[in-house]
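Now for the letters of each chain:
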Amino acid sequence: MVDTEHPVRVRFAPSPTGSLHIGGARTAYFNWLFARQHGGTFVLRIDDTDTARSTEASLQEILDSFRWLGIDWDEGPIVGGPHGPYRQSERQEIYRAALDKLVSEGRVYPCFCSQEQLAKDREEAQRQGRAPRYVGRCRNLSREQVKAKMDAGEPHVYRFRSPQVGETVVHDVIRGDVVFSNEELDDFVVWKADGTPTYHFASCVDDSEMHITHVIRAEEHLSNTPKHVVLFEALGAELPVFAHVPMILAPDRSKLSKRHGATSVREYRDAGILPEALINYLLLLGFAPGEDKEILTREEAIKLFDLERVTKHAAVYDVKKLEWLNAQYFRALPVDQVLDMVWSLLREAGYVEENPDAHTLAWIRTVIQTSQDRSRNAGELIANVSYYFQAPQQYDEKGVKKHFSHPDVADRLDQLADALDTVVPFTVSNIERLYRGLAESWQVKAAQLIHPTRLAISGVTVGPGLFDIMALLGREECQERMRWVAVKLRAGQL
RNA sequence: GGCCCCAUGGUCAAGUGGUUAAGACACCGCCCUUUCACGGCGGUAACAGGGGUUCGAAUCCCCUUGGGGUCACCA
């Protein structure tokens, strides 16, 4: 399937009218993987012909998203390249020249029908149960008629003179040959009355000019592809290989939209998802690397990716699995990297000073170490370490019932707090020795001391080893929190 | 509505005429642990339905159903 005569050239052509959607990110990633695998070129082309909706901010966000994901482009904005410009808004002359050529060859003809007339045609067709296609009113105007209308300055578009018989076959790497009857092919508009090309036209001209060998894009374009095929032929361009990748659906099998939660790369980034995790998940959505491998590096992905083995059916997006994958990557991160990641969050929460001394920094580092493998992302981590920085504001309700209900709890907490004075130095093993010893002499299970203490100190029933927490918190802070709970318990306030 | 694509557990997804129909996430047990998470072990759960073809169909064909896409002077 892979054309070895020409080096692989693929492209992704986002429209800067919003964020980079995860569906788009996946399509781009597949393109990128394919290019890298074949030592080819990945082109980024900006489809900004819709000047009303395109914004510079969107463009920047999209580029940022690509950088964050680690998807680099060989030709495109900023990096340039031999087939530029890479913004469609700057390629007007190129489209114009292509149009002129097709007009002179009679492959395209001017159409003077008004929008109102067209709307009426459509209604009529609908009434008669026919497909709403262009009726061909201007298809065979004589040279004189055209000239007369042109001279009169009548507004017009240009339509492609589509074949009306036979069939057009789209060779799709993922789906095989897809046959379309040419009777379905409309004389579609290639040039708008405002003097600009339509999407189909600009896209084909660009793909042709940029020598794109493989068009890997979303499935929604499959039905439009016959138009592109006939356009490529008219343009005298070599047909690229097509591959239409399935769409990504929401859990209810509808199109993924804002109401289903995060849909843009930016949102996942903000939510603490790691780029490696996202990209890994996107790959798994529609492709099985084989060998039961699910977690794989970019290099492995490049090696194992196979366009022909991309699934044919749409995939439902499962955030749970993304989160699981993210956890895998998050836990494997070096502590210092995690520290960098969460620093701003720690600052925002007011947990840390702007420029802590070396001792404090080392302490924070250790704190993070205790909770990193208990968290799936930066946000969870911050929530999990809050008690290291401030006394509990409240105590887990179930925990209170379970661990604070025994009548001796208040006394025990006080006694334990007092006993902490004897722990020198205040280390994990020394604290543990004290607890185990006391449990034995009090004839209770160590757990009966550990759980109330944990709840008193952290406010929650889960977390790292209690003695680790205590050693990090320091003797006095522990004593204070334990005695405070004892007081509240006696006052019946807990 | 016409045309096109698709259809294996709740989700992702192996499978390409003969398998006890993988694996992962999620869920449920058990183990480990002071708790949680991690980890380990085990479990529930699928070939949309109906016809063919064949000695034999998840795998091939047809129909039905369902889902999606597309039919613009939007991309």
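The preceding data block contains the structure.
Let me begin by describing the structure that accompanies this report. (Residues numbered from 1 in each chain as written. Chains lettered and ligands numbered in written order. Predicted model: local features only at pLDDT ≥ 70, side-chain atom pairs only at ≥ 80, totals over all residues. Heavy atoms only, no water.)

**Regarding unusual backbone geometry**
Moving on, step 1. The omega angle of the peptide bond from Gly84 to Pro85 is 0°, so this bond is cis rather than trans.
Moving on, step 2. Relative to the assigned elements, Pro85 resides in the loop between α2 (56-69) and α3 (92-104).
Moving on, step 3. Of note, the amide linkage connecting Val424 to Pro425 takes the cis form, showing an omega dihedral of -10°.
Moving on, step 4. Inspection of the secondary structure assignment puts Pro425 in the loop between α17 (409-419) and α18 (428-442).
Moving on, step 5. The phi dihedral of Ile78 is positive, around 70°, even though this residue is not glycine.
Moving on, step 6. Within the secondary structure layout, Ile78 lies in the loop between α2 and α3.
Moving on, step 7. By relative accessible area, Ile78 is classed as exposed at 67%.
Moving on, step 8. Here Arg253, not a glycine, exhibits a phi torsion of approximately 70°, which is positive.
Moving on, step 9. Structurally, Arg253 can be placed in the loop between β10 (248-249) and α8 (265-270). (Helix = DSSP H or I, 4+ residues; strand = E, 2+ residues; numbered from the N terminus. Buried < 20%, exposed > 50% of the residue type's maximum accessible area, 1.4 Å probe, protein only.)

**Some words on empty space enclosed by the protein**
Moving on, step 1. Summed over the entire model, instances satisfying the criterion amount to one cavity of 30 Å³ or more.
Moving on, step 2. Forming the walls of the largest cavity are Val409, Arg412, Leu413, Leu416, Gln448, Leu449, Pro452 and Thr453.
Moving on, step 3. Mapped onto the lining of the largest cavity, the elements with two or more residues apiece are α17 and α19 (446-458).
Moving on, step 4. When its residues are assigned to classes, the lining of the largest cavity shows five nonpolar, two polar and one charged. (1 Å grid on protein atoms, 1.4 Å probe; cavity = no way out; pocket = protein on both sides within 12 Å on 5 of 7 lines; lining within 4 Å. Points joined across faces, edges and corners; volume = space filled by probe spheres on them. Nonpolar A, V, L, I, M, F, W, Y, C, P; charged D, E, K, R; others polar.)

**Remarks on helix α20 (residues 466-473)**
Moving on, step 1. Counting buried residues in α20 gives six out of eight residues, a clear majority hidden from the surface.
Moving on, step 2. Among all positions of α20, only Leu466, Phe467, Ile469, Met470, Leu472 and Leu473 are buried.
Moving on, step 3. Where the residues of α20 are buried, they touch α13 (358-372), α15 (386-389), α18, α19 and α21 (475-490).
Moving on, step 4. Phi turns positive one or two residues past the end of α20, at Gly474, with a value near 95°. (Contact = heavy atoms within 4.5 Å.)

**A look at α3**
Moving on, step 1. Taking 1.5 Å per residue, 13 residues should reach 18 Å; α3 reaches 18 Å between its end C-alpha atoms and fits that length.
Moving on, step 2. Packed against the buried residues of α3 are β3 (108-111), β4 (157-160), β7 (189-191), α6 (199-209) and α7 (225-235).
Moving on, step 3. A positive backbone phi angle near 75° is found at Gly106, which sits one or two residues after α3. (Expected span 1.5 Å × (residues − 1).)

**Topic: the state of the cysteines**
Moving on, step 1. In total, this model carries zero disulfides according to the counting rule given.
Moving on, step 2. With no disulfide of its own, Cys113 lies 3.6 Å from the sulfur of Cys138, the closest cysteine sulfur.
Moving on, step 3. Cys138 sits in the buried class, given a relative accessible area of 7%. (Disulfide = S-S within 2.5 Å.)

**Re the protein's contact with RNA strand B**
Moving on, step 1. In the vicinity of RNA strand B there are 58 residues, among which Asp47, Arg175, Lys192, Glu294 and Arg374 approach most closely.
Moving on, step 2. The sugar-phosphate share of atoms of RNA strand B within 4 Å of the protein amounts to 73%.
Moving on, step 3. Taking Tyr199, its main chain carries an N or O atom lying 3.3 Å from a phosphate oxygen of RNA strand B.
Moving on, step 4. Arg331 places a polar side-chain atom, nitrogen or oxygen, 3.3 Å from a sugar or linking oxygen of RNA strand B.
Moving on, step 5. If you list the elements that add at least two residues to the surface near RNA strand B, you get β4, β6 (176-181), α6, β11 (315-316), α11 (319-332) and α19.
Moving on, step 6. For the surface near RNA strand B, the leading source of residues is α11, giving four residues.
Moving on, step 7. Counted by class, the surface near RNA strand B contains 21 nonpolar, 14 polar and 23 charged residues. (Near = heavy atom within 4 Å. Polar contact = N/O pair within 3.5 Å; in protein donor to acceptor, adjacent residues only side chain to side chain.)

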